[in-house]
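Residue-level structural notes
The lines below spell out each chain.
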Amino acid sequence: MVLTVRGIVLAKAVVHLLCLAPLAELGWRILDVARTGSDALGADPVAAIVHALGLWALRMLVIALAVTPLRQWTGQPVLLRFRRMVGLYAFAYATLHFSAYLALDLRGYWMQVFEDIAKRPYITVGFAAWLLLVPLALTSTQGWMRRLGRRWGQLHKAVYAIGVLAVLHFWWLVKSDLREPALYAALVGVLLGWRAWHAWRKRRARAPAAASAAQQ
C-alpha cells in the first residue's frame, strides 16, 4: 500500500483525532460533573480521572509497540510513519496521568510524591516508566535522529522496558480483578516475544554470510 502525500496527511489527521478522542471524552465527563453534579465519574472522581489517563497512556504505549511487528508482518513500511506520533501521545497521556496524581490526589502536597515513590512499589515502577519516556519524547525529532545516529535506535529500545514497567505499575495498582492488567501483560509479552523471535531470525540469517566472509 502506497499513500500519497495527501493520503498521509489525511491518515495522520485521523490518527490525531483518534488519539485525542479519549481526552475529549474524559473532559466532557468532567464538565458534566462540574455543571450538573452527575455521577459521570463514579463515586471517586479523582481516582476515575487518574485511572483513565493512565489506562490510555498504557494503551497508546501498547499500540506504539505493535507498529513495528505489524509493519514486519504486513510488509507495509508506511505504518512506521505513525509510530512516533502514537508514542508521543503515550507520553502525553502518561504526563497527564502523573500530573493529575500530583494535583488532584496529592492536592498540591507535591513533596509527598517522594515518600510515595519510596514506599509504594506501584508508584516506584510507574514513576520509573515515566522517567524513561522523557528522553524518548525529547529525542523524537528528526534532528535528534540525525545527531544520535545508531545510538538513537539503541536509546529507543528502552520502550520495551517501559512497557514492562507500565504493565507492572497497573498490575500492582489493581487489588482484586486482575483480568485487565493480565490482558495488557499478555499483549506486551507477545510483542516482546515477537521482537526476540524476529531478532533471532535475523542473526540466524546473517550467520552463514559472516562465516563465509571469515573463510575468505
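The structure reproduced in this document is the subject of the present report. Every value quoted in this text rests on a predicted model; they were computed, and no experiment measured them.

Regarding the overall build of the protein chain
- For the protein chain, the helix and strand inventory stands at 9 helices and 0 strands.
- The linear arrangement of helices and strands in the protein chain, starting from the amino end, is α-α-α-α-α-α-α-α-α.
- When its C-alpha atoms are laid out on the principal axes, the protein chain stretches across 75 × 45 × 35 Å.
- Evaluated residue by residue, the protein chain yields a buried proportion of 31% over its 216 residues.

Let's talk about the packing of helix α1 (residues 5-36) against helix α2 (residues 45-74)
- Following both chains from N to C, one finds α1 and α2 inclined at 175°, their axes separated by 11 Å at the closest point. Overall, the two elements α1 and α2 adopt an arrangement that is roughly antiparallel. Contacts between α1 and α2 involve Cys19, Pro22, Leu23, Leu26, Arg29 and Ile30 from the first element and Ile49, Ala52, Leu53, Trp56 and Met60 from the second.
- Class assignment for the residues of the contact of α1 with α2 results in 10 nonpolar, no polar and 1 charged.

A word on the nonpolar core
- Within the largest apolar cluster, 47 residues are counted, with the highest numbers of intra-cluster contacts made by Leu58, Met60, Leu61, Tyr101, Val113 and Tyr184.
- Those elements that provide at least two residues to this core are α1, α2, α3 (83-105), α4 (112-119), α5 (121-138), α8 (158-173) and α9 (179-215).
- Here the element with the most residues in this core is α2; it accounts for 13 residues.
- Filtering out sequence-adjacent residues up to four positions away, Met60 remains in contact with Cys19, Val86, Tyr89, Ala90 and Tyr93.

A look at the environment of Arg35
- Turning to its location among the elements, Arg35 is positioned in helix α1.
- Arg35 gets classed as exposed once you look at its relative accessible area, which sits at 65%.
- When the C-alpha atoms of Arg35 and Tyr89 are compared, they prove to be 28 Å apart, with 54 residues separating the residues in sequence.

Re the environment of Leu133
- By secondary structure assignment, the location of Leu133 is in helix α5.
- With relative accessibility at 9%, the residue Leu133 sits in the buried group.
- Residues Leu133 and Met85, spaced 48 residues apart in sequence, show a C-alpha to C-alpha distance of 14 Å.
- Ignoring anything within four residues of it in the chain, the contact list for Leu133 reads Phe91, Ala94 and Ile162.

A closer look at α4
- When α4 is considered as a whole, its buried residues turn out to be Val113, Asp116 and Ile117. Seen from one end, α4 has its buried residues packed into an arc of 100°, which puts them on one side. The exposed set on the far side of α4, more than 90 degrees from its buried face, consists of Phe114, Ala118 and Lys119.
- Considering only its buried residues, α4 is in contact with α3 and α5.

A look at the packing of α4 against α5
- The interhelical angle for the contact between α4 and α5, taken along N-to-C directions, is 105°, at an axis separation of 5 Å. Comparing the axis directions of α4 and α5 gives the class roughly perpendicular. Along the contact surface, α4 presents Asp116, Ile117, Ala118 and Lys119, while α5 presents Pro121, Ile123, Thr124 and Phe127.
- Here the contact of α4 with α5 is composed, by residue class, of 5 nonpolar, 1 polar and 2 charged.

How each quantity is defined
All residue numbers here refer to positions counted from 1 along the written sequence of the relevant chain. Given that this is a predicted model, residues contribute local features only at a pLDDT of at least 70 and side-chain atom pairs are listed and counted only at 80 or more, while totals for whole chains, interfaces and linings are drawn from all residues. Here the side-chain values reflect all heavy atoms present in the structure, with hydrogen atoms and water set aside. Where helices and strands are cited, they refer to DSSP runs of H or I of at least four residues and of E of at least two residues respectively, numbered from the N terminus. Burial status follows relative accessibility: with a 1.4 Å probe on protein chains alone, a residue under 20% of its type maximum counts as buried, one over 50% as exposed, and anything between as partly exposed. Angles shown run from 0 to 180 degrees and are taken between the N-to-C directions of axes, each axis being a line fitted to C-alpha atoms and, for helices, limited to the stretch in contact. Convention used here: angles under 35 degrees read as roughly parallel, angles over 145 as roughly antiparallel, angles from 65 to 115 as roughly perpendicular, and any remaining angle as oblique. It only takes one pair of heavy atoms within 4.5 Å for two residues to be counted as in contact. Note that Gly is not counted as nonpolar here; it falls among the polar residues with everything else outside the nonpolar set of Ala, Val, Leu, Ile, Met, Phe, Trp, Tyr, Cys and Pro and the charged set of Asp, Glu, Lys and Arg. Buried Ala, Val, Leu, Ile, Met, Phe, Trp, Tyr and Cys residues that are joined via side-chain atoms within 4.5 Å together make up what is termed a nonpolar core. In this context, the arc is that of the directions from the helix axis out to the C-beta atoms.

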